[in-house]
Amino acid sequence: MAKWEAYISTTITGSVHSQVASSHKLFVEKNVQYVKTLVDITLFLSCQGLAFRGHEESRLSLNQGNFKEICNLIAKHYPEFAEKFQNTTNYTSHAVQDELANLCAENIRHKITKEIEDTKVFGIMCDEARCFKQEKMSLCVRYTVGLNIVERFLGFIDVSDKQDAESLSVHIFAYLTKNNMDTFHIVAQSYDGANVMSGKFNGVQVKIKNKFPYAIYTHCMAHRINLVVIDMCKYVKETRTVFNTIEGLYIHFSHPTKNQMLVDMQKKLGIKSIHIGCLSDTRWNCRFKNCEAILHNYKAIINVLQEEIDNQTDRNANEALGILTNMSTSSFIVNLFILKDILSTINILCQMLQEKNATLGKAAILIKGVLQTFENGRSTLAFNNLWLEIQDFAKDYNINFNVPFQTQRLKRIRREPNRLNDFVLTTATGAEEPNEVDNATAEDYFRVNTYFKVLDSIIVNMKKRFCTESLEMAESIDNFFKLNIEKSKFFIDHYKDLLDVNCYNLKSEITVVKNYLTLKTGKDDISLEDLKTFIIKNVYPNIYKLLQVALTLPISSATCERSFSAMRRIKTWMRSTMVENRFNDLSILNIEKDLAKKINNNDIVNAFSNKNRYIVLK
């Protein structure tokens, strides 16, 4: 009977072997869940750009660091986690934290490599920045998943030892090999205009082309448009005066007391608070935003500066007097309005060039459109409309318009050289006739000597930096998107051997697609979105492959610039001693948040369990 009762019991509870197996399985599940929680904490801190460790992490410390403090918080509410966490070996050491971060980062890099493996072609973007005492180069890649554009950050490379073209190219090749990308083809590269990167004979772009001959180089278009504005400031003295005054305003109101006075004045006048920012050569829209901010806050700024001068509160009253004098001149007001009008157009182009899904073909069209806008705007009618706004503004603040040469006469009249007699000039070296000087209005003077001068500088520099040769590939790609095989010959011929494109079949495919889309949409113009929705890889293989490459070509290195913002958030002054590998792992987790949040914890736990551990995970 005892044996019978034991048999009945085993049918209900299971055999001893099965009970031991079930117990082991439950034990492993608890351990796996514990490590998964540690992985979640690692991902949370990495994505938020927070520090992991504290200065003192003993159990008696009031602040054990973010990682252990989060563990303590979870342990309060989950007894199963607390049971494991309170053990002597709880896997929260510095080494384990670094290992978990590394496994998560490697998981993201592996996903990027697998996505590129489908097309086997990609473009690279590089830029350099200083990080404390080190020089860092950001390496980003651009590729397509299907026909969708993707730009990803790969990592920061320490190039502190040397910054010549040979060293930089060696670092790039080594990093690509480390991430198993050396077997794929680089079809494009985009950097800034520094000689070491863009040099035609010994630059990095040439070193890359020697190994990957199809890697066409594109000078970052966002940098180029920014250089157009900087060059305009160099050539036109009046614009430098405006921006110097804005810089002086920023410095003056950076003092807490004066800033509070400005904020209080804005509240008193019922003006929305818009702060004046620092001018920078790398933040591409700061000049436009500051021009807007000055015009918006003009009344509040004038009132605060006048109060300072009247009260003579401190030694900076003379500085306030100088700024107020500059801001009250007609030249400052006119130039400020002109710059706001012109920079607003340039800002549209700047914003588009920084988008991740912007294409080379779209960029070429927009650049031509902006250039045409400036050329059309160089007219008396366009300035008349702007002059009406300037007059209304000047009337509100009692600003008088005086023509400079009416108040400042030359002591000795200079004669114009005879060699200039046959030229059409807006400004002559010789003095103008007295009658012409006396009859000239302020509107005429500022139209010719300010508005046209600024516009001419912008137009000339844009034509120089976006010349036909530099946009040849962009225009060819734009024509390919329109399925114009004749005008897209430059693009097709450059990549047909790499992609093994059959030109005869390509022509047939283009004819079929063009006829179908024309009948379907009822219009002759074919958009890129129409192609994306209609082109199927198996049916139109040649168009599909060329489309992927056309979308892969980068137009700017803005993704690298964004990574530098993350770099300064992660490696702060309090974390300046962070080692290179850990910094790289945390950077990719922070920058590529969308991939980090999709990481499967089971993959990380499986990789973590490949080493011998005290904790049983299998």
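For the structure itself, look to the data block above.
Here is a short report on the structure shown in this document.

Here is what the cut-offs are and how they apply
Residues numbered from 1 in each chain as written. Predicted model: local features only at pLDDT ≥ 70, side-chain atom pairs only at ≥ 80, totals over all residues. Heavy atoms only, no water. Patch = residues over 30% accessible without salt bridge, like charges linked within 9 Å, V, L, I, M, F, W, Y side chains within 5 Å. Areas by Shrake-Rupley, 256 points an atom, 1.4 Å probe, with all protein chains shown as cover. Salt bridge = Lys/Arg side-chain N within 4 Å of Asp/Glu carboxyl O. Lys, Arg positive; Asp, Glu negative; His and termini not counted. Charge placed at Lys NZ, Arg CZ, Asp CG, Glu CD. Helix = DSSP H or I, 4+ residues; strand = E, 2+ residues; numbered from the N terminus. Buried < 20%, exposed > 50% of the residue type's maximum accessible area, 1.4 Å probe, protein only. Axes fitted to C-alpha atoms, helices over the stretch in contact; angles between N-to-C directions. Parallel < 35°, antiparallel > 145°, perpendicular 65-115°, else oblique. Contact = heavy atoms within 4.5 Å. Nonpolar A, V, L, I, M, F, W, Y, C, P; charged D, E, K, R; others polar.

1. Re a negative patch on the surface
Consideration 1: There is a patch of like negative charges on the surface, built from Asp 341, Glu 389, Asp 392 and Asp 396.
Consideration 2: Here Asp 341 shows up in helix α15 (residues 330-353).
Consideration 3: When its relative accessible area of 35% is taken as the criterion, Asp 341 is described as partly exposed.

2. Structural notes on the pattern of salt bridges
Consideration 1: Evaluation of the coordinates by the stated rule reveals 22 salt bridges.
Consideration 2: Note that Glu 580 and Lys 136 form a salt bridge whose closest N and O atoms lie 2.3 Å from each other. You can see Glu 580 sitting in helix α27 (residues 580-591) and its partner Lys 136 sitting in strand β2 (residues 134-145), a full 444 residues away along the chain.
Consideration 3: Taking the relative accessible area as the measure of exposure, Glu 580 reaches 22% and is therefore partly exposed.
Consideration 4: Classification of Lys 136 as buried rests on a relative accessible area of 0%.
Consideration 5: Ionic pairing is found between Lys 207 and Glu 166, a salt bridge with its closest N-O pair at 3.4 Å. Remark: Glu 166 occurs in helix α6 (residues 165-178) and Lys 207 occurs in helix α8 (residues 204-211); sequence separation between them is 41 residues.
Consideration 6: With relative accessibility at 22%, the residue Lys 207 sits in the partly exposed group.
Consideration 7: Exposure remark for Glu 166: the relative accessible area of 42% places this residue in the partly exposed category.
Consideration 8: When salt bridges that share partners are traced, they join Arg 53, Asp 98 and Arg 582 into one network.

3. Overview of the packing of helix α21 (residues 472-481) against helix α22 (residues 489-499)
Consideration 1: Direction vectors running N to C along α21 and α22 enclose 100°, while the axes themselves pass 7 Å from each other. Viewed along their axes, α21 and α22 adopt a mutual orientation that is roughly perpendicular. In this structure, α21 contributes Glu 472, Met 473, Ser 476, Ile 477 and Phe 480 to the contact, and α22 contributes Lys 489, Phe 490, Phe 491, Ile 492, His 494 and Tyr 495.
Consideration 2: For the contact of α21 with α22, the per-class residue count stands at seven nonpolar, two polar and two charged.

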